[in-house]
Amino acid sequence: MTAQGWLQLAVFLGLIVAVTPLLGGYMARVFTGERVLLARVLGPVERGFYRLLRVDPAHEHDWKAYARAVLAFSLVSWLGLYAILQLQGHLPFNPAGFGPAPWDVTFNTTSSYVTNTNWQYYGGETTLSNFSQMAGLAVQNFASAAVGIAVVVAVIRGFAARSVATLGNFWVDLTRTLLYVLLPIAFVAALVLVSQGVVQSLAAAHHGIVVGPVASQEAIKLLGTNGGGFYNVNSAMPFENPTAFSNLVEMLLIVCIPAALTATFGRMVGSRRQGWAVFAGMLALFAVAVAIVFVAEGHGSPAQHLAGVAGGNMEGKEVRFGIADSSLFAAITTVTSCGAVNAAMQSLTGFGGALPMASMMTGEVVFGGVGSGLASMLLFVLLAVFLAGLMVGRTPEYLGKKIGVREVKLTMAGTLAVPLLVLATTAVAIATRAGKASLSVHGPQGFSETLYAYTSQANNNGSAFAGYSGFVQPHPPGNAGASGIAFADLLGSGAMLAGRFLPLLAVLAVAGALAGRRVAPAGPGTMRTDTPTFVVLLVGTILLVALLTFVPALLLGPVVQGLAGRTF
Amino acid sequence: MTRWRETLLESLRKLDPRLMIHNPVMFVVELGAAVVTVAWVVGGGDPGWYTLTVAAWLWLTVIFGNVAEAVAEGRGRAQAATLRAMRSDTVARLRDGGEKAAGELLPGDVVVVDAGETIPGDGTVIEGIASVDESAITGESAPVIRESGGDRSAVTGGTRVLSDRIVVEITQKPGESFLDRMIALVEGAARRKTPNEIALGILLAGLTLIFLVVVVTLRPFAGYAGTTISLATLVSLLVALIPTTIGALLSAIGIAGMDRLVRRNVLALSGRAVEASGDVDVLLLDKTGTITLGNRQAAELIPMPGVAERDFAGAAQLASLADETPEGRSIVVLAKQLHGLREPAVAPHDARFVPFTAQTRMSGVDFDGTRLRKGAGDAIERWIVDEGGSAPPQLRDAMDRVAREGGTPLAVARDNQALGVVYLKDVVKEGMRERFEHLRAMGIRTIMVTGDNPLTAAKIAAEAGVDDFLAQATPEAKLALIKEHQAQGRMVAMTGDGTNDAPALAQADVGVAMNTGTQAAREAGNMVDLDSNPTKLIEIVEVGKQLLITRGALTTFSIANDVAKYFAILPAIFAFTYAKAGARGPLDTLNVMQLGSPRSAIVSAIVFNALVIPLLVPLALRGVRYRPVGATALLRRNLLVYGLGGLIAPFVGIKLIDLVVHNLLGA
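Rules of the game
Residues numbered from 1 in each chain as written. Chains lettered and ligands numbered in written order. Predicted model: local features only at pLDDT ≥ 70, side-chain atom pairs only at ≥ 80, totals over all residues. Heavy atoms only, no water. Patch = residues over 30% accessible without salt bridge, like charges linked within 9 Å, V, L, I, M, F, W, Y side chains within 5 Å. Areas by Shrake-Rupley, 256 points an atom, 1.4 Å probe, with all protein chains shown as cover. Salt bridge = Lys/Arg side-chain N within 4 Å of Asp/Glu carboxyl O. Lys, Arg positive; Asp, Glu negative; His and termini not counted. Charge placed at Lys NZ, Arg CZ, Asp CG, Glu CD. Buried < 20%, exposed > 50% of the residue type's maximum accessible area, 1.4 Å probe, protein only. Contact = heavy atoms within 4.5 Å. Buried area = accessible area lost by both parts, 1.4 Å probe. Helix = DSSP H or I, 4+ residues; strand = E, 2+ residues; numbered from the N terminus. Nonpolar A, V, L, I, M, F, W, Y, C, P; charged D, E, K, R; others polar. Axes fitted to C-alpha atoms, helices over the stretch in contact; angles between N-to-C directions. Parallel < 35°, antiparallel > 145°, perpendicular 65-115°, else oblique. Left-handed = near helix turned anticlockwise from the far one by under 90°. Pairing = 2+ DSSP bridges. Disulfide = S-S within 2.5 Å. pLDDT = per-residue confidence, 0-100. Core = buried A, V, L, I, M, F, W, Y, C linked by side-chain atoms within 4.5 Å. Phe/Tyr/Trp six-rings, centres within 6.5 Å; stacked < 30°, edge-to-face > 60°.

(A) Here's a closer look at a positive patch on the surface. Positive charge collects at one region of the surface, where Arg-35, Arg-40, Arg-47 and Arg-51 of chain A lie side by side. For Arg-35 of chain A, a relative accessible area of 58% translates into the label exposed.

Structural data, given as C-alpha cells:
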C-alpha cells in the first residue's frame, strides 16, 4: 500500500476516462454506418465479405432473426473449432507433434473459446499446436469478441430506436467490428507488445523453451476480453508480458472496449450523459474493487503473518509487477470478463480473492466482457429504472420508453439466469464425488476453487483459482496418456454455453421489445437516468440484487479464509 | 369488535393454498410454515421450542399479510353494503303500460318514473324534467336537475325522483348497472392486477426464486464445510430473504389506492386507469366551469359619446331586469354598485319584457313606447339599422377592445340609438394559478380548451396561468389535439360531461366524466367523478402516483432489509463452522449485532420480518406521501428513507427483539 501504488491506480483510472470518449465515439461512427478513415483501405474488403456471405447490408433483422444469426454463427464456430482441435495431429504448424487432447477437454475448450470465456483446463504450450492456437483459438478470440460487440450494438439500436422495430444486420455488424475495430487495434497492439519483447515466432522449442505466435494472440486475447493465454501461466509469463509498460498496455487493452462502449451507447441513443452515467456506475464499482484487493494484498496473508513475514502478500505474484499492478490486473481481469492474469489468483488473500469473485458475480457488468458487459449492465439499468420509476410515481421509463411487463420478465430472466447457474453448478460440483475429483485441496480453499471455477465459467470470465482441474496430463508436453475429468469438463461447458447465450437472448429480446415502443418526451416528472442519484441507485441495485445472492457462498470460501487468522 | 373478528376470520380463510398461490412470495412462506410445522411434529435435531417458535412466526407472517389485505377490503365493504341496499327491487312501470322487475330491465326499455319513486335502472331521460336525489351515490344532499336533451340527461338506477315525472330509456344490461360496478369496485371484487402490479409481481417472484436456490444450495455448501443446517433454520433464512414485506402488502396497497379514490368520490372503472393517471403528462381542461366561474360577470360600462354613463347604466339595468341568467344579474348588480340605481325605482309599471331567443340573440324591454335591447354586438347593430339609425364607429371599437382584453362585449341600444357596451368578464376561479403551478411541479402541462376566439382565450389563459390553450375548440379539434399529444408519446387526461365530449373522453388515456354529464360521456370515460368537480383530476393524479410510490418504496425497503437479516442469520448458522475445538468459528466475527445466541438471532430475524408487516400496514393503506418536487429530488428522498432506512432499521429492530428473546426469554 505505497503512495506509488495508489498513484499507479489513479493514473490507470485517468487513462480509462480519457480513452472512453475517443474510442467510444469512433465505434459509434463505425456502427451508425458513417465512413471512417479506414474504410478507404478496407471498404473493398468489407463489400467483398458481403458478396461472399451473400448478405444484403441494407437488410435489417428483427431481434429474432438477429438472434438466429448469432446462434447459427456460434454453432458453426463451435463445430469448426472442435474439428481443428481434435484434428491438430494431422494439421500443419505442429512442431512438437501434439495429438488431440481428450474429447471432453476439447469439448470444454471449444465451448470456452466460442463463448468468449477462455477457461483453460489445458496448458496452451503443452497441449496445443501452433495451428490450433492461431487458426483455432486466436480466430475465435476475434470471432467471439465480435459477436459480443455486434449484439450490444443491436441492443443499443433497440434502446435508441424511434420508430423501427429492427436491430440492424448481424453480418454487417460482425464484419464492421472485425475490420474497423478489432483487427486494426489488435494489429497495432501486437506490434507494441513485440517492441517490448513479446515473442512472435513459428519456430520449434529452443532447449525446452516453447515459443510461438504469442504477440498476435496476446493482443486479441486482451482486447477481446478473452483471456486465454498462449502460455499456461498467462500474462505472468515474461514472453507474454515482459515489462511494466507492456503490463500497462495489456491492462488498457482489456478495459478499453468495454468502457468505451458506454460512450458508444451514449452517442447512439442521442445523449452522451446517459453513457457517462452507466460508465460512472461501472467506474465506481471498479475503483472500490481495486482498492479492496490492493489493501487486502498489501495487508498480507494469515500464513505469512504466522510465519512472521512482514509486508504484503507476495505469494504467487511476479516481482516485476508487485502488489499494486497485480491487484489492479486481478481486479481488471475479473470486472471485465477477460480472465487473463498476471499473478496466481489462488494465492490471493481471503478478501483479496473474494473481490475478484464478487466482481464476476455481479454478472460481469462492471465494464464486463466486450459487448456482453454493457448488454448485461443495461438489464440492471432497466431493473434500477423499474424500482426508481415506481418511487417517483410514474410507470418506469428509460430513454423515454416505458418498461412494461414483457421487459421486466425478460430482464429478470436475463439477470437471474447466470446466478442460478453458478449456484446450481457449484452445489452439484461440491456435493458429488465426481465434482470433488477436480479439487487440489480441501477446506475453504477447496470450496473457493469450486465456487470460482463455476462463477468464472458461467460468467464467461475464464480466470481460475488454478488448483481446480479438468484435465490430467501425466506426461507433458503432449497429450499422450492424458485424460479429462468429464464431469468438470462437461458441467463447465454447460455453464459457459448457458451463461453466454441465455442472457444474450434475453437482452436481445428486451431490445426487440423496446425497439417498437413509443418514445415519450422527458418532462419534469420524468425520472432522469443521467444524474448522480441514479448512478447511486444503479450501483445499489447491482450490489443488492446480484451480490446478495452470493453472500452465503462467499462466507464459506474466501471470507472464512480472510477472517480465520490461520491456515487450513 | 365484530369487524375485527370478521377481518381475522377472513384472513384465516385466505390461508387456502388455492388463493395463496396467486401471491408467489407469500405462498412460499405458507409452504415453509407448513414444512416447519411438520418438522416440529416429527421432531429432530433442534429443540422443540425453537422449531415451534419458528413455525408459529412463519404462520403469523402469512396471517399478517392476509390481515393487511382483509383490512383494506373491509374498508370498502361497509360502503358496498349501503350501496347494495339501494339496489332497487322496485317494479318498473313501462311506458307502454306493462310492468317489469327492475332487475330484468333490458337496454331500450322505456320506463316512467313519478315523484317519490326510485329510478329502476341507468338510463337517459327522453322526456320531462325532474329534480333527483342522488345523495346515495354522491353523498351530496342537494337534489340535482335531470332533463331530456342536453348534457344533464343521464340518470342512475337507485336514485330517487323528488318532483315531477320523467320518462327514461334504459341503457344498462341487467347486472351491469353503474351501481353494480360501484359495488364490485369498492369491494375489490372486480379488481384485476394492473400491468405495473404484474410487472412488480414478476420481479418479486424472480427474487423469490433466486433466494430459494440460494437456500437450497446452501445445504450442500455448508455440508462441505461440515455444518448441517436444520430445516427450520433454512426455511427461516428463506423467508427472511424473500421480499415478504412488499409481497404481503402488495394487494393491500392496490385495494387501498382504489379506496382512496372512492373516498374522494371518484369511481375508477379500472385499476389501469388509476395507474395511468400517475403518468399523465398533459391535462385538458374546459375553460368554462373549470378554470373560470361558469358565468361571466359585468365588469365595466362603456357609454357611447354623448351618452351619460348614468343614463346608460340605467338602461342596461332596465334591459336586464327580467334576465335571470347570471350575466344579466351581474349587470343589475354593477349598475347598482356604480350609480346606486335600485331595481324597483327604475322599473316602470307597464313594462313588457322581451326574452332572449337564439334567433334574435338579444333580449330587452318595451315600455312607454321606448324599446331597450341588449345582446351580441352584430345583433344590436342590425337592430339599429332596422330601426333606421346607424351605429357609431365607437361601438365597434369598444367591442373590439373588450374582446381583445379577454371579455365578452354586450351592446345596449335604445330604439335606434347605441347607448354603450357592457364589458362581461370571465372570472378565473380563485386558487387556479396555484393549482396549475402545483401541476407543473408534478410535471403536468395544462391546456385550456375553450370555444372563445384566440384573443380572448389567450388573455384568460395568461390570467389563469395555464401552459397552453385551444381556442375555438370543436369536438373534432379536441380529439385531434389529444391524438397529436399521444403520437408524441404523452399521456393525456381530460374531463368532460357532454355527449360531444365522448369521443375525446374515450381517446384520452385518463378520461374523467362528470356524474352530472350524459350517459354517453359516463360510458366513454374510464373514471366518473361523483362530485362533478373538474379540478379533481389533480387529486386523481396524486393518488395514482402515490400508488406506484408506495409499491416502489416498500419493495426497496424489503430488499434493503436483507443485508441486516444476513448479518443476523448467517453468523448464527456458521457460528461453529471451521471452529477450533471449544471455540466459535471465524464467521462468528460477523455477528456485528452481538446477538445473544444463534437460535435467538434466527428467531429475532423472523420475528422482525413478521412484525414489520403490521407496522407498515398504515403506510400501505395511507400511501407514501407524494411531493411535487421533481423526480430526481423525490427519488433521492425516497432512496434515503426507504433504501437507507431499509438498510438500517432491521439492524436496530432485530437487536431489540434479540434483547427480549435472549435476555428475557432466555433463548
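Here the narrative resumes.
(B) Seen up close, the interface of chain B and chain A. Residue-level contacts link 63 residues of chain B with 61 residues of chain A. Here chain B packs against chain A, burying approximately 5,200 Å² in sum over the two surfaces, 77% of which is carbon and sulfur. Counting the surface chain B buries against chain A, the share from its top three residues, Phe-221, Tyr-224 and Tyr-578 of chain B, is 15%. Where chain B touches chain A, the interface holds one salt bridge. Among the salt bridges present, the one from Asp-281 of chain B reaches Arg-394 of chain A, with a minimum N-O distance of 3.1 Å. At the level of elements, helix 7 (195–224), helix 18 (475–487), helix 21 (536–573) and helix 23 (631–664) of chain B are the ones that each hand at least two residues to the side of chain B that touches chain A. The dominant element in the side of chain B that touches chain A, judged by the number of residues it contributes, is helix 7 of chain B, at 20 residues. Its residues assigned to classes, the side of chain B that touches chain A shows 39 nonpolar, 16 polar and eight charged.

(C) Looking closely at the packing of helix 9 (residues 244–263) of chain B against helix 22 (residues 598–622) of chain B. Residues and elements named next belong to chain B. Two numbers describe how helix 9 lies on helix 22: the axes approach to 9 Å, and their chain directions differ by 20°. One finds that helix 9 runs roughly parallel with respect to helix 22. Helix-helix and strand crossings are classified by hand; for helix 9 and helix 22 the assignment is right-handed. Touching Thr-244, Thr-245, Ala-248, Leu-249, Ala-252, Ile-253, Ala-256 and Arg-260 of helix 9 are Asn-609, Val-612, Ile-613, Leu-616, Val-617, Ala-620, Leu-621 and Arg-622, all from helix 22. When its residues are assigned to classes, the contact of helix 9 with helix 22 shows 11 nonpolar, three polar and two charged.

(D) Here's a closer look at the sheet that holds strand 7 (residues 154–155) of chain B. All names here are of chain B. Read across the sheet, six strands follow the order 2-1-3-9-4-7 without closing on themselves; strand pairing throughout is antiparallel. In this open sheet, the two edge strands, each paired with only one partner strand, are strand 2 (99–101) and strand 7. Alignment of strand 1 (residues 91–94) against strand 2, held across three bridges, turns out to be antiparallel. Paired with Val-91 across the two strands is Ala-101, which belongs to strand 2.

(E) Molecular detail of the state of the cysteines. All names here are of chain A. One pass over the full model with this rule turns up zero disulfides over all chains. For Cys-256, which is in no disulfide, the shortest distance to another cysteine sulfur is to Cys-338 and amounts to 11 Å. Relative accessible area serves as the criterion here: at 0%, Cys-338 is assigned to the buried category.

(F) Molecular detail of the confidence of the model for chain A. Confidence along chain A averages 90 in pLDDT terms, with 99% of residues attaining 70 or more. Per-element confidence in chain A is highest for helix 3 (residues 63–86) of chain A, whose mean pLDDT is 96, and lowest for helix 11 (residues 302–306) of chain A, whose mean pLDDT is 79.

(G) Fine view of the nonpolar core. Residues Phe-159, Leu-182, Ile-257, Phe-265, Phe-286, Phe-367 and Tyr-398 of chain A are the most contacted members of the largest nonpolar core, which totals 319 residues. The element best represented in this core is helix 21 of chain B, accounting for 18 residues. Counting 38 residues, the second-largest nonpolar core is a separate cluster that includes Ala-298, Ala-315, Met-399 and Val-412 of chain B.

(H) Focus on the packing of aromatic side chains. Residues and elements named next belong to chain A. Under the counting rule described, the total for this entry stands at 22 aromatic pairs over all chains. Judged by centre distance (5.3 Å) and plane angle (85°), the rings of Trp-119 and Tyr-121 are edge-to-face. When its relative accessible area of 2% is taken as the criterion, Trp-119 is described as buried. Taken together, a centroid distance of 5.6 Å and an interplanar angle of 75° make the contact between Phe-286 and Phe-367 edge-to-face. Of this pair, Phe-286 sits in helix 10 (residues 272–299) while Phe-367 sits in the loop between helix 13 (350–361) and helix 14 (372–391), and the two are 81 residues apart along the sequence. The exposure classification of Phe-286 matches that of Phe-367, with both residues buried.

(I) Geometry of the pattern of salt bridges. All names here are of chain A. Following the criterion strictly, the structure yields 43 salt bridges over all chains and no others. With a shortest N-O distance of 2.8 Å, Arg-517 and Glu-407 are connected by a salt bridge. Pair noted here: Arg-517 is in the loop between helix 18 (486–515) and helix 19 (532–547) and Glu-407 is in helix 15 (residues 405–431), with a separation of 110 residues, a long-range link. For Arg-517, a relative accessible area of 28% gives the class partly exposed.

(J) Spotlight on the packing of helix 14 of chain A against helix 19 of chain A. Residues and elements named next belong to chain A. The interhelical angle for the contact between helix 14 and helix 19, taken along N-to-C directions, is 105°, at an axis separation of 9 Å. Taken together, the axes of helix 14 and helix 19 are roughly perpendicular relative to one another. Together, Met-377, Phe-380, Val-381, Leu-383, Ala-384, Val-385 and Ala-388 of helix 14 and Phe-534, Leu-537, Leu-538, Thr-541, Ile-542, Val-545 and Ala-546 of helix 19 make up the contact between the two elements.

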